[in-house]
Amino acid sequence: TKSLERLDKAAAAERRAQPPKKRAGPKNAAARAALLAQVLAPEFGLYPYQRAFLEDAGRFRAVLKSRQIGFSYVLALDALLEASGGRDAVIVSASQDQADLLIGYAQRHAEKLGLELLALSRSELVLDHGAKVISRPANVRTVQGFSGSLYLDEFAWMPDARKMWEAAVPVIVAVKGRLTVCSTPYDQGILFYQLVEDPEHRYPQFSRARLTLSDAVAQGLPVDEAELRGLFDSDAYQRLFQNAWFDDAESYFTCDEVKACVGDCLNVTTGAA
């Protein structure tokens, strides 16, 4: 108990030491608009499908995507733009490695755009006006308590995604933040499938985008599809790169049986820089 009290006091002292965050306002909105115009310019180097994602101003977005098309790169950029407008951007990823990767991408974008950082750690990037890009692995015990715009990255692969949904989505409520859910496909019995395909018409508020590897190549991504296709069997290639949902009808173990063996006991989350 005494150790917990000391940790609580240390955390409170750290929060007091941080500069007060400015709320989103006209000045922040103008700064965000200027940065958006900069990254949409051809010389910034984004592909058309990446620019289209950044231009989607919807509050609720769902993206079904192929592997290895540079979407994590543009997701981190979108989160940085959101923070530049004065609202925290909270990214929840399927693993710690992915969370680390996204904060690294956000740092690279900030440097490229010439943004001044007040602080940078393994899990947070703080802009000069106090707004943050926060990146965390999927853990229902550590995503609560934030407020801002929320990004659920590789949502289809998060253990117990429905619990994560209930724990994380309230992040957007108080500040009227945005919600972005993206992933490669998995099986059809998951919440991400419901968000993307919406077979029961329960989620009409979402804008939806589907990006296959073929779509990305057609828009300039330098990948030899024929060479890549030769490395996988037809079903695997369709799942990995062409957005085909997994069908476990012929599998020895069903998706539900596999998921029952998955837990978060090996997840390690710290507040260390």
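All of the points below concern the structure found in this document. (Residues numbered from 1 in each chain as written. Predicted model: local features only at pLDDT ≥ 70, side-chain atom pairs only at ≥ 80, totals over all residues. Heavy atoms only, no water.)

Before going further, it helps to examine the sheet that holds strand 5 (residues 132–137). Reading across the sheet, the 8 strands line up as 3-4-5-2-6-7-1-8 and stay open at both edges, with mixed pairing between neighbours. Each of the sheet's edge strands pairs with one partner strand only, and the pair in question is strand 3 (117–120) and strand 8 (207–211). Ignoring which end each strand starts from, the neighbouring axes of this sheet average 10° apart. Here 5 bridges tie strand 1 (residues 60–65) to strand 8, and the two strands are oriented parallel to one another. Bridge pairing in strand 8 places Ala 62 opposite Arg 208. Where helix 4 (residues 71–84) meets the sheet, its contacts fall on strand 1, strand 2 (89–93), strand 4 (124–127), strand 5, strand 6 (149–153), strand 7 (179–183) and strand 8, and the angle it forms with strand 6 comes to roughly 170°. (Pairing = 2+ DSSP bridges. Helix = DSSP H or I, 4+ residues; strand = E, 2+ residues; numbered from the N terminus. Axes fitted to C-alpha atoms, helices over the stretch in contact; angles between N-to-C directions. Contact = heavy atoms within 4.5 Å.)

Another aspect to go through is helix 5 (residues 96–113). In a regular helix each residue adds 1.5 Å, so 18 residues correspond to 26 Å; helix 5 covers 26 Å between its end C-alpha atoms and thus fits that length. Among all positions in helix 5, only Gln 98, Ala 99, Leu 102, Ile 103, Tyr 105, Ala 106, His 109, Ala 110 and Leu 113 are buried. Projected onto a plane normal to the axis of helix 5, the buried residues spread over an arc of 155° and lie on a single side. More than 90 degrees from the buried face of helix 5, the exposed residues found are Asp 97 and Glu 111. Between the side-chain oxygen at the start of helix 5 and the backbone nitrogen of Gln 98 there is a gap of 3.1 Å, and the oxygen is on Ser 95. Following helix 5 by one or two positions, Gly 114 has its phi on the positive side, about 75°. (Expected span 1.5 Å × (residues − 1). Buried < 20%, exposed > 50% of the residue type's maximum accessible area, 1.4 Å probe, protein only. Arc of directions from axis to C-beta. Polar contact = N/O pair within 3.5 Å; in protein donor to acceptor, adjacent residues only side chain to side chain.)

Moving on, we come to the packing of helix 4 against helix 5. Packed helices, taken two at a time, are described by the angle their axes make and the gap between the axes. It is at 8 Å that the axes of helix 4 and helix 5 come closest, and there the two elements cross at 60°. Regarding helix 4 and helix 5, the two cross each other, and that crossing is right-handed. Residues Ser 72, Tyr 73, Leu 75, Ala 76, Leu 77 and Leu 80 of helix 4 pack against Gln 98, Leu 102, Tyr 105, Ala 106, Arg 108, His 109, Ala 110, Lys 112 and Leu 113 of helix 5. For the contact of helix 4 with helix 5, a count of residues per class yields 10 nonpolar, 3 polar and 2 charged. (Left-handed = near helix turned anticlockwise from the far one by under 90°. Nonpolar A, V, L, I, M, F, W, Y, C, P; charged D, E, K, R; others polar.)

With that settled, consider the packing of aromatic side chains. Scanning all chains against the criterion turns up 12 aromatic pairs. Residues Tyr 237 and Phe 241 carry aromatic rings whose centres are separated by 5.3 Å and whose planes lie at 45° to one another, so their mutual orientation is tilted. Placement of both Tyr 237 and Phe 241 in helix 10 (residues 234–241) is noted, with a separation of 4 residues, approximately one turn of the helix. Accessibility expressed as a relative area gives 2% for Tyr 237, which makes it buried. Of the aromatic side chains, those joined through ring pairs into one cluster are Phe 60, Tyr 203 and Phe 206. One Lys or Arg, Lys 112, reaches over the ring of Phe 44 and ends 4.0 Å from the middle of that ring. (Phe/Tyr/Trp six-rings, centres within 6.5 Å; stacked < 30°, edge-to-face > 60°. Lys NZ or Arg CZ within 6 Å of the ring centre and 35° of its normal.)

The values reported here are purely geometric and, on their own, carry no functional implication.
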